[in-house]
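Spelled out, the chains give:
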Amino acid sequence: MFEKVKEVCPNVHEKIRAISADLNQNDFAISKEDLQELLSNTNVIFHCAATVRFDDHLRHAVQLNVTATQQLLLMASQMPKLEAFIHISTAYSNCNLKHIDEVIYPCPVEPKKIIDSMEWLDDAIIDEITPKLIGDQPNTYTYTKALGEVVVQQEGGDLNIAIVRPSIMGATWQEPFPGWVDNINGPSGLIIAAGKGFLRSVRATPMAVADLIPADTVVNLTLAVGWYTAVHRPKSTLVYHCTSGNLNPCNWGKMGFQVLATFEKIPFERAFRRPNADFTTNNISTHYWNAVSHRAPAIIYDFYLRLTGRKPRMTKLMNRLLRTLSMLEYFINRSWEWSTHNTEMLMSELSPEDQRVFNFDIRQLNWLEYIENYVLGVKKYLLKEDMAGIPEAKQHLKRLRNIHYLFNTALFLIVWRLLIARSQVARNVWFFIVSFCYKFLSYFRASSTLKV
Ligand SMILES: CCCCCCCCCCCCCCCCCCCCCCCCCC(=O)SCCNC(=O)CCNC(=O)[C@H](O)C(C)(C)COP(=O)(O)OP(=O)(O)OC[C@H]1O[C@@H](n2cnc3c(N)ncnc32)[C@H](O)[C@@H]1OP(=O)(O)O
Ligand SMILES: NC(=O)C1=CN([C@@H]2O[C@H](COP(=O)(O)OP(=O)(O)OC[C@H]3O[C@@H](n4cnc5c(N)ncnc54)[C@H](OP(=O)(O)O)[C@@H]3O)[C@@H](O)[C@H]2O)C=CC1
């Protein structure tokens, strides 16, 4: 990841100093000396830290995504040299709307009230009121990210603030090289599950827009926003959508197809089954395929593990995968429209050279190439698999295919044998097929003897 920057700038490590901080603590538990240095020398803040878990407890999500943002703004207001405060939110902070503009939307309950109530309500009551509080938001993550934006607006004071809202972040497109990824969030986890053969079906709308955005595009836009906010000092807080859907749309169908096609060329090692997944679009087919393609093979495999004296683990893993799928479903069965006027304005403000260096023009992205590099990146950087292992991985898939055929044939024969034993109709059909084959073979033999 850092090889390229080390080549360009060998003393890069001297320019960076990591500071330990914990958003759960007062003053973030930053040491006195570090705090002093931050207060007197900071020029730009990029506030990225957050909890991104969809299932986080509301108290924790509020602490990290709302209260900590409030405290950071307070700290920022004591920094005399601060030029810009860039807050990273998410394009889904208002996913209860279909069309989302680059504005901060009000929340039904004021963030301050939510922060206060988290201090005295106990966990059981919070659990009970969470669904009512989050309303038509899908989870505590998007809900608290929306609250965080309102806090930024209300408590930003005189600071120069901007908000960047990326959609679903994926592997890098160009920098430092294509396909880098270190995170199993979003599509990466599902790519692993599909490539290893665990994931067989996903409840998704193939025509819905897959609003992925490469991580380096988000970084480039964020840096450019930092520059624009510090130099041009817009009068109000500008929101920038970092999304792909309205400029270069790709849908889940095309993405899933390309992911599967890439597995043919670049298979993952030691797959559980051959990668072969499909989309389901209604409840009945989802339940059916979950039972047949996810739960049943897991139970059979765990039975085999037990028989061979090993600890069963597949059912647990499968349950976890199904839970993850159920949490992602909301996002892969809907499309949103995000306006990108501010992002386009920013692009036009950059010099041609800066447009090249800080490229965030998503129209230039070739999805098929990007997805192939993404799958390759998942294999190399997440699964840490060696490219030299590809021939062996292909051999393994061939073996799995043969086992699959063998299993299907055996299953067919058993079912057929049972049918013949119990049903006169099945016996008649069987007799008809056998006698037909016999006659066909006799005719074939007779005609070949005549020719000789
Ligand atoms: C026609 C063809 C058809 C073909 C069809 C076929 C398809 C074929 C292919 C399919 C591809 C195409 C479709 C793609 C669809 C994608 C949808 C994406 C939508 C995303 C929307 C996002 C919108 C919002 C955007 C934002 O703004 S969102 C910000 C992003 N937020 C998220 O995306 C969080 C979500 N997830 C969670 O909220 C938690 O994941 C949760 C779910 C609670 C589970 O939670 P849990 O089960 O606990 O599992 P984990 O905690 O995840 O961990 C699990 C274990 O992995 C470990 N591990 C974590 N890292 C790493 C790491 N590097 N390296 C190694 N290990 C790691 C961790 O240690 C733990 O190991 P362990 O400790 O067990 O040993
Ligand atoms: N991934 C995505 O698809 C999208 C992400 N975003 C936003 O981008 C930002 C980064 O997300 P992403 O990189 O995906 O998520 P990660 O979980 O990888 O990053 C979250 C960051 O927050 C830090 N952090 C978490 N808890 C604490 C804490 N208690 N104290 C101090 N630091 C903490 C983590 O530090 P450490 O590494 O030390 O744990 C980590 O650096 C978030 O604001 C998220 O909302 C927006 C849209 C899409």
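Residues numbered from 1 in each chain as written. Chains lettered and ligands numbered in written order. Predicted model: local features only at pLDDT ≥ 70, side-chain atom pairs only at ≥ 80, totals over all residues. Heavy atoms only, no water.

- In the nomenclature of an unreviewed UniProt entry, the protein is known as Fatty acyl-CoA reductase of Muntiacus muntjak.
- Its UniProt record, at the heading Sequence similarities (unreviewed entry), says of the protein: "Belongs to the fatty acyl-CoA reductase family."
- The heading Subcellular location (unreviewed entry) in the UniProt record of the protein holds the text "Peroxisome membrane". (UniProt positions renumbered as here; feature names shortened; annotations may be inferred.)

**Quick look at the UniProt feature "domain: Fatty acyl-CoA reductase C-terminal" (unreviewed entry) in the protein**
(1) Moving on: Those places that UniProt annotates as "domain: Fatty acyl-CoA reductase C-terminal" (unreviewed entry) correspond, in this numbering, to residues 294-385.
(2) Moving on: Regarding residues 294-385, the helix share stands at 70% and the strand share at 2%, and the terminal C-alpha atoms are separated by 25 Å. (Helix = DSSP H or I, 4+ residues; strand = E, 2+ residues; numbered from the N terminus.)

**A look at helix α8 (residues 215-232)**
(1) Moving on: With 18 residues, α8 ought to run about 26 Å at 1.5 Å a step, and its terminal C-alpha atoms sit 25 Å apart, in line with that.
(2) Moving on: Burial analysis of α8 places 13 of its 18 residues in the buried class, which makes it a mostly covered element.
(3) Moving on: The first or second residue beyond α8 is R233, which carries a positive phi of 45 degrees. (Expected span 1.5 Å × (residues − 1). Buried < 20%, exposed > 50% of the residue type's maximum accessible area, 1.4 Å probe, protein only.)

**Brief notes about empty space enclosed by the protein**
(1) Moving on: Under the criterion given, the structure shown has 1 cavity of 30 Å³ or more.
(2) Moving on: By volume, the largest cavity amounts to about 70 Å³.
(3) Moving on: If you trace the largest cavity, you find it lined by I213, T217, H241, C242, T243, L247, T340, T343, M347, F360 and I362.
(4) Moving on: For the lining of the largest cavity, the elements supplying multiple residues, two or more each, are β8 (238-242) and α12 (341-349).
(5) Moving on: In terms of residue class, the lining of the largest cavity is made up of 6 nonpolar, 5 polar and no charged. (1 Å grid on protein atoms, 1.4 Å probe; cavity = no way out; pocket = protein on both sides within 12 Å on 5 of 7 lines; lining within 4 Å. Points joined across faces, edges and corners; volume = space filled by probe spheres on them. Nonpolar A, V, L, I, M, F, W, Y, C, P; charged D, E, K, R; others polar.)

**Quick notes on the nonpolar core**
(1) Moving on: Judged by nonpolar contacts, the single largest core of 68 residues is most densely connected at M255 and Y370.
(2) Moving on: Here the element with the most residues in this core is helix α11 (residues 314-332); it accounts for 9 residues.
(3) Moving on: The residues touching M255, leaving out its near neighbours within four places in the chain, are A210, L212, C250, W367 and I371.
(4) Moving on: Among the nonpolar cores identified, the runner-up in size contains 36 residues, and L35, L58, V62 and L64 belong to it. (Core = buried A, V, L, I, M, F, W, Y, C linked by side-chain atoms within 4.5 Å. Contact = heavy atoms within 4.5 Å.)

**Observations concerning the sheet that holds β8**
(1) Moving on: Pairing is parallel in the open sheet, where 4 strands are placed in the order β1-β2-β4-β8. In this open sheet, the two edge strands, each paired with only one partner strand, are β1 (44-47) and β8. Within the sheet, the average angular offset between the axes of one strand and its neighbour, ignoring direction, is 15 degrees.
(2) Moving on: Sheet topology note: the strand β4 (residues 161-166)/β8 ladder contains 5 bridges and is parallel. From the neighbouring strand, V164 faces β8, where its bridge partner is Y240.
(3) Moving on: Along the sheet face, α8 touches β1, β2 (84-88), β4 and β8 and points at about 150 degrees away from the line of β2. (Pairing = 2+ DSSP bridges. Axes fitted to C-alpha atoms, helices over the stretch in contact; angles between N-to-C directions.)

**Thoughts on the environment of G253**
(1) Moving on: Within the fold, G253 resides in helix α9 (residues 252-265).
(2) Moving on: When the C-alpha positions of G253 and V209 are compared, they lie 9.0 Å apart, and in sequence the two are 44 residues distant.
(3) Moving on: Ignoring anything within four residues of it in the chain, the contact list for G253 reads P206 and F279.

**Description of the UniProt feature "domain: Thioester reductase (TE)" (unreviewed entry) in the protein**
(1) Moving on: As recorded in UniProt, the feature "domain: Thioester reductase (TE)" (unreviewed entry) lies at residues 3-221.
(2) Moving on: End-to-end, the C-alpha atoms of residues 3-221 are 22 Å apart, and along that stretch the chain is 41% helix and 12% strand.

**Description of the site of ligand 2**
(1) Moving on: As a structural note, the neighbourhood of ligand 2 is formed by 19 residues, with L23, C48, Y141, S167 and M169 the closest of them.
(2) Moving on: With respect to ligand 2, the side chain of Y141 contributes an N or O atom lying 2.6 Å from an oxygen atom.
(3) Moving on: Here M169 contributes a backbone N or O atom positioned 2.9 Å from an oxygen atom of ligand 2.
(4) Moving on: Here ligand 2 has 890 Å² of accessible area as a free molecule, and 61% of this is covered by the chains. (Near = heavy atom within 4 Å. Polar contact = N/O pair within 3.5 Å; in protein donor to acceptor, adjacent residues only side chain to side chain. Areas by Shrake-Rupley, 256 points an atom, 1.4 Å probe, with all protein chains shown as cover.)

**Let's talk about the site of ligand 1**
(1) Moving on: Ligand 1 sits among 32 residues. The nearest are R53, F54, T90, Y141 and R320.
(2) Moving on: Contact distances for ligand 1 include 2.6 Å between an oxygen atom and a side-chain N or O atom of R53.
(3) Moving on: D182 has a polar backbone atom sitting 3.0 Å from a nitrogen atom of ligand 1.
(4) Moving on: Taken by itself ligand 1 offers 1,600 Å² of open surface, and the protein chains cover 73% of this.
(5) Moving on: Element by element, the count of residues in the shell around ligand 1 is highest for α11, at 7 residues.
(6) Moving on: In terms of residue class, the shell around ligand 1 is built from 20 nonpolar, 6 polar and 6 charged.

**Quick notes on the pattern of salt bridges**
(1) Moving on: Applying the stated criterion to the full structure yields 14 salt bridges.
(2) Moving on: Ionic pairing is found between R53 and D55, a salt bridge with its closest N-O pair at 2.9 Å.
(3) Moving on: For R323, the salt bridge goes to D55, with nearest N and O atoms at 2.6 Å. You can see R323 sitting in helix α11 and its partner D55 sitting in the loop between β1 and α3 (58-76), a full 268 residues away along the chain.
(4) Moving on: On the basis of relative accessibility, which here comes to 41%, the residue R323 falls in the partly exposed class.
(5) Moving on: On the accessibility criterion, D55 (30% relative accessible area) is partly exposed.
(6) Moving on: One salt-bridge network, in which partners are shared between bridges, spans R17, D34 and E37. (Salt bridge = Lys/Arg side-chain N within 4 Å of Asp/Glu carboxyl O.)

**Some details on the packing of aromatic side chains**
(1) Moving on: Across all of its chains, the model carries 21 aromatic pairs by this definition.
(2) Moving on: When the centroid spacing of 5.5 Å and the interplanar angle of 40 degrees are considered together, the rings of F177 and Y381 count as tilted. In this pair, F177 is assigned in the loop between β5 (168-170) and α7 (187-195) and Y381 in helix α14 (residues 367-382), connecting sequence segments 204 residues apart.
(3) Moving on: Relative accessible area serves as the criterion here: at 25%, Y381 is assigned to the partly exposed category.
(4) Moving on: Seen from their ring centres, W367 and Y370 are 5.8 Å apart, and the 80 degrees between their planes marks the pair as edge-to-face. Of this pair, W367 and Y370 both sit in helix α14, 3 residues apart, which is roughly one turn of that helix. Each member of the pair, W367 together with Y370, is buried.
(5) Moving on: Grouped by ring-pair contacts, the aromatic residues F54, Y92, Y141, Y330, F331, W336 and W338 constitute a single cluster. (Phe/Tyr/Trp six-rings, centres within 6.5 Å; stacked < 30°, edge-to-face > 60°.)

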